Amino acid sequence: TEYELIDGERRWRAVQMIAVEARPLYRARLVEADDDVVQYLISGVANFNREGHTPLETCDTITRMVGFKIPMSEIAALLGVSEHWAYQMHLLRRLVPEVKTMLDPERSKGEKLPVSAAIEIAKCDARLQLSLAQRVLRRDVTLAGLRAEIVSTSRDAGVYVRERAHTVDARWRSAVNKVGVL
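Quick word on the overall build of the chain
Part 1 of the reasoning: If you tally the helices and strands in the chain, you get ten helices and zero strands.
Part 2 of the reasoning: Start at the N end of the chain and walk to the C end: the helices and strands fall as α-α-α-α-α-α-α-α-α-α.
Part 3 of the reasoning: Here the chain, with 182 residues, has 27% of them falling under the buried criterion.
Part 4 of the reasoning: Relative to all contacts within the chain whose residues are 6 or more apart in sequence, the contacts with residues 24 or more apart total 53%.
Part 5 of the reasoning: For the chain, the accessible surface area stands at approximately 12,800 Å², while carbon and sulfur atoms represent 53% of it.

As structure tokens, this is what we get:
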């Protein structure tokens, strides 16, 4: 073909479903896109917030934009999301394939890994991901306890994992002191 449709595919399909004699005129705007980056950005940004995307599709979009050397702050702005959320979704690229399949929206609720769990699991060594994901699905590990379990499992396996520093909040110290006085 001489032209490629990069936005409006659902409208095009809908028009094709109408009988030829009743079909309305389908109008499109011609946009010159000299390179793949421009074409991808036009298509991706136009479609991103219109259709529900799986977490992995979102991750792939962000990963491709990062590959174009677009800063994460700009990616977030283009997609209409927070920069923190974009970074979190970008972490999913680190998941092993077996864990990625657990994010499939076609899976039943009990067989589908929560995205928040997948993000945490993506932060640990690839060798530990599958067993952690399976334990979450079996409910052996709660979402609330997942981070501590990742740290514990990583330590046991002799694998480095970044730990968060826990500092005692000043308000908490004040409350503890007041309770002690009482």
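Re the environment of Thr63
Part 1 of the reasoning: In this structure, Thr63 sits in helix H3 (residues 55-67).
Part 2 of the reasoning: On the basis of relative accessible area, Thr63 is assigned to the partly exposed category, the value being 30%.
Part 3 of the reasoning: As a C-alpha pair, Thr63 and His90 span 27 residues in sequence and 6.4 Å in three-dimensional space.
Part 4 of the reasoning: If sequence neighbours within four positions are ignored, Thr63 has contacts with His90 and Arg93.

Observations regarding the nonpolar core
Note on soluble globular proteins: their nonpolar side chains tend to be buried together.
Part 1 of the reasoning: Of all hydrophobic cores here, the largest spans 34 residues; its most connected members are Leu92, Leu95, Leu113 and Ile121.
Part 2 of the reasoning: Looking at this core, the elements with two or more residues in it are H3, helix H4 (72-79), helix H5 (83-90), helix H7 (115-122), helix H8 (126-137) and helix H9 (146-157).
Part 3 of the reasoning: Top contributing element to this core by residue count: H7, with five residues.
Part 4 of the reasoning: In contact with Ile121, other than residues within four places in its own chain, are Leu95, Leu113, Gln129, Leu132, Ala133, Val136, Leu146 and Ile150.

Definitions and cut-offs
- Residues numbered from 1 in each chain as written.
- Predicted model: local features only at pLDDT ≥ 70, side-chain atom pairs only at ≥ 80, totals over all residues.
- Heavy atoms only, no water.
- Helix = DSSP H or I, 4+ residues; strand = E, 2+ residues; numbered from the N terminus.
- Buried < 20%, exposed > 50% of the residue type's maximum accessible area, 1.4 Å probe, protein only.
- Contact = heavy atoms within 4.5 Å.
- Areas by Shrake-Rupley, 256 points an atom, 1.4 Å probe, with all protein chains shown as cover.
- Core = buried A, V, L, I, M, F, W, Y, C linked by side-chain atoms within 4.5 Å.

It is worth stressing that arrangement in space is one thing and function is another; only the former is reported here.
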